[in-house]
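The primary structure of each chain is shown beneath.
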Amino acid sequence: MPDLSINFAGITSPNPFWLASAPPTNSGYQVMKAFDAGWGGAVWKTLGVPVINVSSRYGGVSYRDKRLVGFNNIELISDRPLTDNLREISEVKKRFPDHAVIASLMVQSRQEWHDIVRQSQDAGADGFELNFGCPHGMCERGMGSAVGQEPNVLQMIVEWVMEVAQKPVIVKLTPNISDITEPAQAARRGGADAISLINTIQSIVGVDLDRFAPYPIVDGQGTNGGYCGPAVKPIALNMVKNCAQHPDVRLPISGIGGIENWRDAVEHILLGASSVQVCTAAMHFGFGIIRELVSGLEQYMVEKNFNTIYDFVGKALPNVRHWEDLNMKYQVKAHIHEEKCIGCQLCYTACEDGAHQAIRLQAGTRTPAIIEENCVGCNLCSLVCPVDDCITMDRHDDGTQHLTWKERTTANTIPTEFNDEKAGGRHHWVPEPAAALGKERHKTLPGKARALGIL
Amino acid sequence: MAEFSTPTTAQEFAQNFAQLKPNMSRTEALYESSRCLFCFDAPCITACPSGIDIPQFIRQINSGNVTGSARTIYEANYFGNACGKVCPTEVLCEGSCVYNLQDVKPIEIGRLQSYATTQAITENKKLFTPGPANGKRVAVIGAGPAGISAACELRALGYEVTVFEAKAQPSGLTVYGVAPYKITNEEALAEMTYLQGQFGYEVRYHAPITGRADLAALEAEYDAIFLGIGLGKTTQLGLPGEEKINCVGAVEFIEELRQRQQQMQVGRTVIVFGGGNTAMDAASEAARLGAESVVLAYRRGKEEMGAYDFEYELAKAVGMKGLFNVAPLEIVGDDYVAGVRFIRTVIEDGRVREVPGSEFVQACDMVIKATGQAKQTHFLHHIPGLELDGRGRIVADAAGQTTNPQYFTSGDARNGGAEVVNAAAEAKVAARGIHAFLSK
């Protein structure tokens with residue numbers, strides 16, 4: 001069997017799956033239960049300055065029948081006494097010496113940072129995660145994302161921590177910034193051992209249409225919260241990649257954001273994460289999801305012949321390039337496999353209305369046909385098709401040519417003027433605007449319209 | 001021991017006749033509506049005789065606009081809830097769902113349709129108002145799917161409408177002729193109350209129009225007359241012994257069942273004549289009333305039955321046994337039915353031929369004849385100039401106008417017997433035809 005264990009910047013863990021600093025790690029009870037279930041590590045709910053929480057703290061985004069595709073919270077850091085948290089950290093470490101217990105921290109002054117690092121260290125924490133990410137409640141007090149958005153302040157605090165820390169220090173970054181590599185570099189300059197990202201994204205998760213207030217509603221009003229859950233994974237993956245590829249960051253990355261199953265975890269790892277943290281999925285489905293995460297990861301590693309996590313950390317990074325490096329000679333076109341088509345015609349209407357009018361209907365069948373000369377290979381039809389492998393994007397170039405925008409720029413063959421002959425869409429056929437009129441009307445007239453003979 | 005014990009209470013009746021398409025919960029409706037692909041030029045719309053914009057109403061349910069969904073349905077079909085429940089959706093909208101081609105369960109369109117309309121009915125959501133009065137009056141004969149649909153559409157166009165109904169309740173076959181496991185009386189009638197509350201047509205119950213004098217009065221008082229009279233009683237087969245007690249027509253049997261429910265009596269051993277959907281209903285109903293044996297007797301082979309496959313399967317599932325290629329010669333017994341004398345048949349060149357010497361008697365204590373309904377030709381002959389076709393159906397043009405220009409028609413009386421949805425759809429067209437005629 002593959003070896004799932006990791007050594008993350010000096011923090012060891014039987015597998016790369018950690019619970020993120022959040023409600024599931026609020027107590028020793030929860031963390032012990034999670035370790036008992038199979039989680040490899042836990043980042044304790046942030047210890048720090050005293051807070052008071054409000055009632056009504058979470059909001060969710062539903063998509064059709066799926067709940068919590070997005071999730072947000074306005075909860076603050078731990079509101080439990082520091083001594084209780086520290087005592088429970090000790091208990092957990094005694095019972096689970098091989099599991100990773102990381103103390104998430106958020107305080108203000110140099111002295112406070114020194115004190116809380118020392119106390120956590122004494123309690124047995126295997127490392128620290130500095131919470132520079134929380135985008136609500138704490139940032140207004142000059143902490144959380146307020147720090148993460150100021151690289152110089154971030155660096156200074158990391159330096160304070162490094163003055164006393166004898167265990168690895170992870171800096172947790174906020175995505176509420178235009179370039180995440182700036183705070184990442186500041187973390188490195190400050191001497192941090194690793195970074196973790198992303199924290200939640202500042203959000204309004206929805207508005208109550210009857211009460212005219214944002215969710216979650218606290219006595220008729222609300223505030224922005226921090227967004228997470230499956231919906232944020234694409235944003236997290238991009239930021240993980242940005243940090244992993246940046247030549248001046250060069251720190252181990254703990255990937256966070258939208259991880260619900262093993263596939264999500266592998267994606268984070270392929271883009272450079274060497275541990276992953278999970279919160280929303282555990283809040284939604286409980287700690288039991290760890291069985292699927294571990295089993296899926298193991299199976300993937302067996303099938304790919306990977307012995308350790310490090311065999312594929314960052315393995316997709318060489319293939320993540322700037323747009324200007326992509327081969328413009330590569331050409332795919334849609335191909336409809338008629339024997340699989342069920343005739344929903346979503347591809348037709350998607351291409352007609354949302355792309356390049358490269359699919360036509362055919363008499364006598366509901367299966368549409370590709371107009372190859374119009375198809376730019378955008379993928380849209382294959383994405384909307386509800387049948388697996390019914391529409392494939394087949395390669396049409398012979399694979400021998402390679403030309404990028406960068407190369408064309410160097411060769412001075414790029415279009416530069418309005419109406420430039422060299423522009424891409426210049427010779428691409430589009431229908432005359434007026435040809436659109438009446439096109440919707442050939443559809444079966446629904447309902448009353450049919451009785452009246454009008455639409 | 002019978003499959004079903006004889007129901008003696010309303011609760012037991014409801015159990016034996018459990019709804020095939022029970023009402024959906026909000027959660028189920030959300031889940032089911034989420035599956036709809038929103039096909040372009042959706043085949044379900046094409047398959048619906050009333051052309052309901054199905055992807056639209058499903059999308060409205062999914063986005064929480066259930067009232068809008070009900071409006072989409074009712075704008076196309078005033079019997080929206082009834083059709084959601086009694087339509088043969090397996091061969092119409094749901095049968096055409098593209099998911100069938102992927103071996104995925106089709107969207108439960110009928111149940112979603114009833115979900116939206118039931119909510120509108122329950123909350124009495126006002127979707128329609130009568131059109132501005134145009135001073136013209138239309139009489140509608142028959143408060144069935146055709147008559148009520150015509151009445152609604154005519155009211156929307158501003159006509160004053162009076163519906164004449166021979167029976168005590170509206171909605172026609174929906175409450176008198178459909179199997180009780182398809183829709184309950186309460187549901188059928190609630191939709192009628194809902195529609196009448198919005199459109200405000202008058203219905204006169206126990207008001208049969210029977211002869212020339214009645215018709216002449218209507219002709220004098222109303223600008224147009226809509227015939228939504230449906231079909232008549234079960235056709236007599238002309239068999240010896242057909243008058244015996246417990247030899248009944250399926251239409252009459254079902255009508256009594258719908259009204260008397262658990263008070264309805266059924267034989268212990270029942271033979272049903274016929275091979276159509278009504279025969280399947282009658283057989284299934286007899287079994288659910290506690291009959292120990294239900295035999296379907298059909299003159300031809302199983303494959304030639306007119307019934308939809310799903311109706312046949314449904315009847316078989318409650319214990320009906322098929323007896324094919326037999327023709328009844330006589331109902332035997334004294335005053336009561338004691339059996340049927342059959343003769344075996346073969347099909348030669350598409351025709352039924354009796355096999356000499358193959359007669360036998362099958363014992364039973366009840367016979368239900370589901371062998372077709374008579375046309376109401378005797379009544380129709382009182383309408384001057386009204387032409388019927390060779391099968392007794394009223395001849396009408398595309399706008400529903402008969403050969404007597406004052407009379408319009410749709411539904412079973414015109415199409416010879418089809419689904420509720422056909423009557424509802426055709427009546428809208430006929431109402432528009434009346435409007436065009438009276439607007440000249």
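Residues numbered from 1 in each chain as written. Chains lettered and ligands numbered in written order. Predicted model: local features only at pLDDT ≥ 70, side-chain atom pairs only at ≥ 80, totals over all residues. Heavy atoms only, no water.

1. Considerations on the overall build of chain B
Part 1 of the argument: Counting secondary structure elements, chain B contains 18 helices and 14 strands.
Part 2 of the argument: A compact globule built from 440 residues would reach a C-alpha radius of gyration of about 22 Å, and chain B, at 22 Å, matches this within 12%.
Part 3 of the argument: The 440 residues of chain B split such that 56% are buried.
Part 4 of the argument: Of the roughly 17600 Å² of accessible surface on chain B, 50% is carried by carbon and sulfur atoms.
Part 5 of the argument: Positive and negative side-chain charges in chain B, numbering 40 and 50 respectively, have mean positions lying 3 Å apart. (Helix = DSSP H or I, 4+ residues; strand = E, 2+ residues; numbered from the N terminus. Rg over C-alpha atoms; globule rule 2.2 N^0.38 Å. Buried < 20%, exposed > 50% of the residue type's maximum accessible area, 1.4 Å probe, protein only. Areas by Shrake-Rupley, 256 points an atom, 1.4 Å probe, with all protein chains shown as cover. Lys, Arg positive; Asp, Glu negative; His and termini not counted. Charge placed at Lys NZ, Arg CZ, Asp CG, Glu CD.)

2. Observations regarding the packing of aromatic side chains
Part 1 of the argument: For the structure shown, the criterion picks out 21 aromatic pairs over all chains.
Part 2 of the argument: Consider the rings of W262(A) and Y300(A), whose centres lie 5.8 Å apart with planes at 40°: the pair is tilted. Taken together, the residues W262(A) in helix α8 (residues 262-270) and Y300(A) in helix α10 (residues 289-304) connect sequence positions 38 residues apart. A single burial state applies to W262(A) and to Y300(A), both of which are buried.
Part 3 of the argument: Seen from their ring centres, Y300(A) and F312(A) are 5.8 Å apart, and the 70° between their planes marks the pair as edge-to-face. Here F312(A) lies in the loop between α10 and β17 (332-336) and Y300(A) lies in helix α10, a separation of 12 residues in the sequence. Per residue, the accessibility class of Y300(A) equals that of F312(A), and both read buried.
Part 4 of the argument: A connected cluster of aromatic rings, assembled from ring pairs, spans W262(A), Y300(A), F306(A) and F312(A).
Part 5 of the argument: Over the ring of F38(B) we find R59(B); its NZ or CZ atom is 4.7 Å from the centre of that ring. (Phe/Tyr/Trp six-rings, centres within 6.5 Å; stacked < 30°, edge-to-face > 60°. Lys NZ or Arg CZ within 6 Å of the ring centre and 35° of its normal.)

3. Considerations on the nonpolar core
Part 1 of the argument: Of all hydrophobic cores here, the largest spans 99 residues; its most connected members are W39(A), V171(A), I195(A), L197(A) and F312(A).
Part 2 of the argument: Here the element with the most residues in this core is α10(A); it accounts for seven residues.
Part 3 of the argument: Contacts of F312(A), omitting those with residues within four sequence positions, involve V266(A), I269(A), L270(A), L297(A), Y300(A), M301(A) and F306(A).
Part 4 of the argument: Counting residues in hydrophobic clusters, the runner-up holds 96 residues, among them I336(A), A188(B), F199(B) and V421(B). (Core = buried A, V, L, I, M, F, W, Y, C linked by side-chain atoms within 4.5 Å. Contact = heavy atoms within 4.5 Å.)

4. A short note on the domain arrangement of chain B
Residues and elements named next belong to chain B.
Part 1 of the argument: What the domain assignment lists for chain B is domain 1 (23-122), domain 2 (137-232 + 375-438) and domain 3 (247-369).
Part 2 of the argument: Listed by partner, the interface residues are 15 residues for domain 2 and 14 residues for domain 3.
Part 3 of the argument: In this assembly, domain 2 and domain 3 are joined by three salt bridges.
Part 4 of the argument: Counting across the domain 2 and domain 3 interface gives 11 residue pairs in polar contact (both at pLDDT 80 or more).
Part 5 of the argument: Each residue belonging to the side of domain 2 that touches domain 3 can be placed in one class, and the counts come to seven nonpolar, five polar and three charged. (Domains from an automatic or database assignment. Salt bridge = Lys/Arg side-chain N within 4 Å of Asp/Glu carboxyl O. Polar contact = N/O pair within 3.5 Å; in protein donor to acceptor, adjacent residues only side chain to side chain. Nonpolar A, V, L, I, M, F, W, Y, C, P; charged D, E, K, R; others polar.)

5. What about the environment of S78(A)?
Residue and element names in this part refer to chain A.
Part 1 of the argument: Take S78: it is sitting in the loop between β6 (66-73) and α2 (82-95).
Part 2 of the argument: Judged by its relative accessible area of 4%, S78 falls in the buried class.
Part 3 of the argument: Those residues in contact with S78 that sit more than four places away from it in its chain are N26, K45, T46, V51 and N85.
Part 4 of the argument: At 3.2 Å, the side chain of S78 and the backbone nitrogen of R80 are in polar contact.
Part 5 of the argument: Here the side chain of S78 touches N85 through a polar contact of 3.1 Å, side chain to side chain.

6. Considerations on the pattern of salt bridges
Residues and elements named next belong to chain B.
Part 1 of the argument: A full pass over the atoms with the stated rule returns 42 salt bridges over all chains.
Part 2 of the argument: K105 is the salt-bridge partner of E32, the closest N and O atoms lying 4.0 Å from each other. One end of the pair, E32, is in helix α2 (residues 26-34); the other, K105, is in the loop between α7 (93-96) and α8 (109-122), and 73 residues separate them in sequence.
Part 3 of the argument: In this structure, the salt-bridge partner of D389 is R393, at a minimum N-O distance of 2.7 Å.
Part 4 of the argument: A relative accessible area of 25% places D389 in the partly exposed class.
Part 5 of the argument: Here the salt bridges share partners, and the residues they tie into one network are E28, E32, R35, K105, E108 and R111.

7. A short note on the state of the cysteines
Part 1 of the argument: As enumerated under the stated definition, the model contains zero disulfides over all chains in all.
Part 2 of the argument: C347(A) takes part in no disulfide bond, and the closest cysteine sulfur to it belongs to C381(A), at a distance of 6.3 Å.
Part 3 of the argument: Lacking any disulfide linkage, C48(B) is separated from the closest cysteine sulfur, that of C87(B), by 6.5 Å.
Part 4 of the argument: Its relative accessible area of 8% is what places C48(B) among the buried residues. (Disulfide = S-S within 2.5 Å.)

8. Some points on the packing of helix α5 (residues 66-76) of chain B against α8(B)
Residues and elements named next belong to chain B.
Part 1 of the argument: As a packed pair, α5 and α8 sit with axes 8 Å apart at the nearest point and diverge in direction by 105°. Accordingly, the angle class assigned to the pair α5 and α8 is roughly perpendicular. Counting all contacts with α5, which are made through V66, S69, A70, I73 and Y74, the residues of α8 involved are Q113, Y115, A116, T117, Q119, A120 and I121.
Part 2 of the argument: Its residues placed into classes, the contact of α5 with α8 shows eight nonpolar, four polar and no charged. (Axes fitted to C-alpha atoms, helices over the stretch in contact; angles between N-to-C directions. Parallel < 35°, antiparallel > 145°, perpendicular 65-115°, else oblique.)

9. Remarks on the environment of G314(A)
Residue and element names in this part refer to chain A.
Part 1 of the argument: Its place among the elements puts G314 in the loop between α10 and β17.
Part 2 of the argument: Residues G314 and L270 lie 44 residues apart in sequence; the distance between their C-alpha atoms is 4.4 Å.
Part 3 of the argument: Setting aside its immediate chain neighbours within four residues, G314 contacts I269, L270, L271 and G272.

10. Digging into the sheet that holds strand β14 (residues 407-409) of chain B
All names here are of chain B.
Part 1 of the argument: Across the sheet, five strands lie side by side as β3-β2-β1-β4-β14; this open sheet has parallel pairing. Each edge of the open sheet is held by one strand with a lone partner, namely β3 (202-204) and β14. Across the sheet, the mean angle from the axis of one strand to that of its neighbour is 25°, orientation sign disregarded.
Part 2 of the argument: This element, helix α9 (residues 145-156), spans β1 (137-141), β2 (160-164) and β4 (224-227) of the sheet and lies at about 170° to β2. (Pairing = 2+ DSSP bridges.)

11. A few points about the pairing of strand β8 (residues 321-324) of chain B
Residue and element names in this part refer to chain B.
Part 1 of the argument: Note that strand β7 (residues 293-298) and β8 share four bridges and pair parallel. Residue pairing in the sheet places Y298 in a bridge with F324 of β8.
Part 2 of the argument: Read as a crossover between parallel neighbours, the route from β7 over helix α15 (residues 309-317) to β8 is right-handed. (Right-handed = clockwise from strand over helix to strand, strands pointing away.)

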